[in-house]
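Here's the letter readout for the chains.
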Amino acid sequence: GGPKAAARSGDVTRRVLAGQVSGRITVSAELKNNIPANGTLFIYARAQTGPRMPVAILRRSVRERQNAFVLDDRTSMSPDLRISAFSKVIVVARISATGDAMPAKGDLIGESQPVAVGTGKLNIEINRIVR
């Protein structure tokens, strides 16, 4: 390796991190009892400006109890619409009782303010019910 190889490795790591958003999902104490036992957790990023279609998405069973997430180009819905192509995104976490991708009345939801792609340690709290 040597110093040049280490520098190249650091550059690659920075580029990979720059093309993703990562963090944790929590549910507010007020809504913990509203989590459906067979619910589906959707975590997705949409561009701050531009298309409303998610640029990256994860789908999990709420039974997994996995709160950490990473949204990057591997979780893109389309090869033409990747998270790394945007500078800012809004990250949304939604628990659906039906498993449908489209939000519905009764779903539990929380979202971030616009954040720079490359942000890590983002905390999203699911804190309201879709009406």
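Refer to the structure printed above.
The structure presented is a predicted model; accordingly, all values stated were derived computationally and were not measured.

Chemist: An account of the overall build of the protein is needed here, citing residue identities and associated values.
Modeler: Helix and strand content of the protein: one helix and nine strands. What you see in the protein, going N to C, is helices and strands ordered as α-β-β-β-β-β-β-β-β-β. The burial tally for the protein puts 42% of its 131 residues in the buried class. If you take every contact in the protein between residues at least 6 apart in sequence, the share linking residues at least 24 apart comes to 60%.

Chemist: An account of the nonpolar core is requested, with residue identities and associated values reported.
Modeler: In terms of nonpolar packing, the biggest core is built from 27 residues, with Phe 69, Leu 71, Ile 83, Val 89 and Val 91 touching the most fellow members. Apart from the residues within four sequence positions on either side, Val 91 is in contact with Val 21, Ile 43, Tyr 44, Ala 45, Phe 69, Leu 71, Gly 110, Glu 111, Ser 112, Val 115, Leu 122 and Ile 124. Listed in part, the six residues of the second largest apolar core include Tyr 44, Ile 90, Val 92 and Ile 109.

Chemist: Provide a residue-level description of the pattern of salt bridges, including the pertinent values.
Modeler: What the rule picks out here adds up to four salt bridges. The partner of Arg 46 in a salt bridge is Glu 111, and the shortest N-O contact between them spans 3.9 Å. Highlighted residues: Arg 46 in strand β2 (residues 40-47) and Glu 111 in strand β6 (residues 108-111), separated in sequence by 65 residues. Residues participating in the shared-partner salt-bridge network are Arg 46, Glu 111 and Arg 128.

About the criteria used
Residues numbered from 1 in each chain as written. Predicted model: local features only at pLDDT ≥ 70, side-chain atom pairs only at ≥ 80, totals over all residues. Heavy atoms only, no water. Helix = DSSP H or I, 4+ residues; strand = E, 2+ residues; numbered from the N terminus. Buried < 20%, exposed > 50% of the residue type's maximum accessible area, 1.4 Å probe, protein only. Contact = heavy atoms within 4.5 Å. Core = buried A, V, L, I, M, F, W, Y, C linked by side-chain atoms within 4.5 Å. Salt bridge = Lys/Arg side-chain N within 4 Å of Asp/Glu carboxyl O.

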